[in-house]
Amino acid sequence: MNRPSQEKWITWTLSILSLILLIYTVLRAATLSMTHDESSTYLNSISQPLWECFFSDVCWHSANIHLLNSWLMQISVKIFGATEFFVRLPNVLAHAVYLFFSIRLLLAVDSRFWVALGGFMLLNLNPYFLEFFALGRGYGLASAWVMMGSFYLFRFLEKKNLGSLIGVMVACVLAVLSNFTFLNYFAATGAFLGTIALLDLLKLNRFFPLWSDRPFGSVKPWLIIGLVGATTLVMGAILYMPITSLKKLGEFEYGVGLLKDTLHIMVEDFLMREGYFSGATQRVFVWLAVLFGFGAAFWGMLQAFRKTNAPVSRFYFGVSFALLMFIFGLKVQFYLLGTQYLSHRTALIFVPMTCLPIWLMFSQFAQEKGWRKISGQVLSGVMALFFVLHFTRTANLTHSREWYYDMETRGLVDYISAHEKPGEKINLGVHWLFSHSTAFYRETRHLDFLEPILYNKDLRSDTLFDYYYVLPDQGPQLNPAYEEVKQFGWQAKLFKRKGYKPGCD
């Protein structure tokens, strides 16, 4: 198959796969019950003038508000209404952006069928990562901007034009405004651009064959340093109030105390309880992640000593440098600022930042001769097939891993609504995990027959509530006056006060 024909086939294949994944995200966004954190975002920010958040602590009672996500959510709900899908619409559209730029990047770097297909699967079929494009949080949006920034970084190293450099910085800013946990991505990308520009400015790039000529063409190194520095100052000014307010509240203490725990949790989230090597599955995948992740980053750093000016090699070095600087930044923050290492959803940034070096290593191997060529092609093909298999085993339209407990919350509200007593109020008590999502449905469905949902992390011992919705093992902790009336999956049980007669009983 000649090259133009091969590029045509891979373009069509990736486009069709992207459409399938986007349809999957749309279905999840439309069918999943609202989750705790999404509902909290809606309740806290749907009526909040977000411009105030930059110079007042009025918004910052928690880190739940993701500025760009909340603003786009406000627009979507105002136009279309407050349903699950339209609360999540900004992230659904972000998935389209992520898919678009991932295809553009893959085809620009290496359009050979199996290599590009393997890269697409690696970047797009992590099931845990994929979930956040169907949820009303800022993680999907931020990830889309990271992929956009990665594409423009490659274009900048290839075309050496100012427009692509501006595209990189705009993507970094949008990622941070979508979610503050992406500040380290901004810093790592800026560190790469600033370091290479400084080497060029000081004429030190001659010590590194990869950068021995003028790596940025007509774009002056002082302009790059100035743009990165100016963007950093502007971001620091507008984020000073949010960051300092949240730090006082201890919002950056969420996470784990060891960097290796971040890796184990990421692997566990990726596996989604699926087993491939019996009890050793997680341990095997942790070692695979270490082998390929750090191996790819190390190989990427060695590109600096290759006698080539190929933009792909420079891009490979850039994303590897940024990944290592990202990890270094986490270590510095841990020891100097007392912040924890990333965990679960806050570690999502590692997916694109780690997967790109791994794919670029496979791609580079596939372009060489001998065992490297064979290994690059085989690994790309095996990776593509495995990710498809894993996706088919983990795909669902019922729940999210992070907020699995809210799988049946909408069903609870439907059940209670069916038992409404005309002219009378129903006092529904819920475990605090269900409080925000229940309150979301009460507000958006205008269920005035429900008393306001109380938020309390301790279960009440009295009989204030007509119904009590709690975790499955909490029934014995309730007042003996409550009796079980319905179990909702394996997530929760509904209890009713004895003697209380609902409307449809």
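Going by the structure above, here's the rest.
Residues numbered from 1 in each chain as written. Predicted model: local features only at pLDDT ≥ 70, side-chain atom pairs only at ≥ 80, totals over all residues. Heavy atoms only, no water.

## Notes on the overall build of the protein chain
Heads up, the condition is: Strands here are runs of E lasting at least two residues and helices are runs of H or I lasting at least four, both read from the DSSP assignment and numbered beginning at the N terminus. Values of the radius of gyration come from C-alpha atoms, whereas the globule rule sets the reference at 2.2 Å times the count of residues to the power 0.38. Burial here depends on accessible area, computed with a 1.4 Å probe over protein chains only, as a share of the maximum for the residue type. Under 20% is buried, over 50% is exposed, and the range in between is partly exposed. Between two residues, a contact is recorded if the distance between any of their heavy atoms is within 4.5 Å. Only the protein chains shown count as cover for residues, and the accessible areas themselves come from Shrake-Rupley with a 1.4 Å probe.
Helices and strands together make up the secondary structure of the protein chain, namely 17 helices and four strands. Scaling as 2.2 N^0.38, a compact globule of 505 residues should have a C-alpha radius of gyration of about 23 Å, and the protein chain matches this with 25 Å. Taking the principal axes of its C-alpha atoms as reference, the protein chain extends roughly 85 × 50 × 40 Å. Put simply, the protein chain has 505 residues, and 53% of those count as buried. Nonlocal contacts in the protein chain, meaning residues at least 24 apart in sequence, comprise 73% of its contacts between residues at least 6 apart. Of the accessible surface of the protein chain, which amounts to about 21,900 Å², a share of 64% is contributed by carbon and sulfur atoms.

## Looking at the sheet that holds strand S1 (residues 428-430)
How we decide: Pairing between strands is defined by DSSP: at least two bridges between them are needed. For helices, the axis comes from a line fit to the C-alpha atoms of the stretch in contact; other axes are also lines fit to C-alpha atoms, and the angle between any two N-to-C directions lies between 0 and 180 degrees.
Pairing in this open sheet of four strands is mixed, and the strands run S1-S2-S4-S3 from one edge to the other. Edge positions in the sheet fall to S1 and strand S3 (482-488), since each of these pairs with one other strand and no more. Strand-to-strand, the axes of this sheet are offset by a mean angle of 25 degrees, without reference to chain direction. The sheet contacts of helix H16 (residues 409-418) involve S1, strand S2 (467-470), S3 and strand S4 (492-497), and relative to S3 the element is tilted by about 125 degrees.

## Some words on the side chain of Glu84
The cut-off we apply is this: Each polar contact in these results corresponds to two N or O atoms within 3.5 Å; when the atoms are within protein, one needs to be able to donate a hydrogen and the other to accept it, and residues that are neighboring in sequence are counted only if both atoms are side-chain atoms.
Among the secondary structure elements, Glu84 is positioned in helix H4 (residues 84-109). Separated by 2.9 Å, the side chains of Glu84 and Arg410 make a polar contact. Once you skip the residues sitting within four places of it in the chain, Glu84 turns out to touch Ala29, Leu32, Met34, Arg410 and Tyr441.

## A look at the state of the cysteines
What counts here: Disulfides are defined as cysteine sulfur pairs within 2.5 Å.
In the structure shown here, the tally under the stated rule is one disulfide. Each disulfide pairs two cysteine sulfurs, and for Cys53 the partner residue is Cys59, the sulfurs being separated by 1.8 Å. Between Cys53 and Cys59, the S-S dihedral sits near -70 degrees, and the bridge is therefore left-handed. Neither Cys53 nor Cys59 differs from the other in exposure class; each is buried.

## Quick notes on the pairing of S3
Of the strand pairs in this sheet, S3 and S4 are connected by six bridges, and their pairing is antiparallel. Within the sheet, the bridge partner assigned to Phe488 lies in S4 and is Ala492.

## A look at the pairing of S4
Among the six residues in S4, six count as buried, and that is most of the element. Of the two faces of S4, the one lined by Ala492, Leu494 and Lys496 and the one lined by Lys493, Phe495 and Arg497 are each fully buried. Where S2 and S4 come together, four bridges link them in antiparallel fashion. The partner of Tyr469 across the bridge, within S4, is Leu494. The antiparallel pairing of S3 with S4 creates a hairpin that spans three residues between the two strands, and Gly489 there sits at a positive phi of about 55 degrees.

## Here we look at the nonpolar core
Going by this rule: Take the buried residues of types Ala, Val, Leu, Ile, Met, Phe, Trp, Tyr and Cys, join any two whose side-chain atoms come within 4.5 Å, and each joined set is a nonpolar core.
Among the nonpolar cores identified, the biggest contains 148 residues, and Phe192, Leu193, Ile224, Phe315, Ile416 and Leu428 are the most heavily contacted of them. It is helix H7 (residues 139-159) that provides the largest number of residues to this core, a total of 13 residues. Counting six residues, the second-largest nonpolar core is a separate cluster that includes Phe465, Tyr468, Tyr482 and Phe495.

## Observations concerning the packing of aromatic side chains
For clarity, the threshold we go by: Classification of ring pairs uses Phe, Tyr and Trp, with its six-membered ring standing for Trp, and accepts pairs whose centres are within 6.5 Å; under 30 degrees between planes counts as stacked, over 60 as edge-to-face, and the remaining range as tilted.
Counting across every chain of the model gives 49 aromatic pairs. Between Phe85 and Phe86, the aromatic rings sit 5.3 Å apart at their centres with planes inclined by 75 degrees, giving edge-to-face as the arrangement. Measuring from centroid to centroid gives 6.3 Å for Trp432 and Tyr455, while their planes differ by 75 degrees, and the two rings are edge-to-face. With Trp432 in the loop between S1 and helix H17 (435-444) and Tyr455 in the loop between H17 and S2, the pair connects residues that are 23 residues apart, well separated along the chain. For Tyr455, a relative accessible area of 42% corresponds to the partly exposed category.

## Comments concerning a nonpolar patch on the surface
So the rule is basically this: The patches described consist of residues with a relative accessible area above 30% and no salt bridge, like charges being joined within 9 Å and nonpolar side chains (Val, Leu, Ile, Met, Phe, Trp, Tyr) within 5 Å. Salt bridges are counted wherever a side-chain nitrogen of Lys or Arg sits within 4 Å of a carboxyl oxygen of Asp or Glu.
A grouping of Leu162, Ile166, Val170, Leu198, Leu201, Leu202, Leu204, Phe207, Trp222, Leu223 and Ile225 is seen on the molecular surface, where their side chains present a nonpolar patch of about 950 Å² in accessible area. Mapped onto the nonpolar patch, the elements with two or more residues apiece are helix H8 (162-178), helix H9 (183-201) and helix H10 (221-248). Relative to the helices and strands, Ile225 is located in helix H10. Relative accessible area serves as the criterion here: at 32%, Ile225 is assigned to the partly exposed category.

## Examining unusual backbone geometry
Notably, Lys203 is not glycine yet its phi reads approximately 60 degrees, a positive angle. Residue position: Lys203 is located in the loop between H9 and H10. Its identity is not glycine, yet His446 carries a phi of approximately 55 degrees, on the positive side. One can find His446 in the loop between H17 and S2. On the basis of relative accessibility, which here comes to 60%, the residue His446 falls in the exposed class.

Don't take any of this as a statement about function, it's just geometry.
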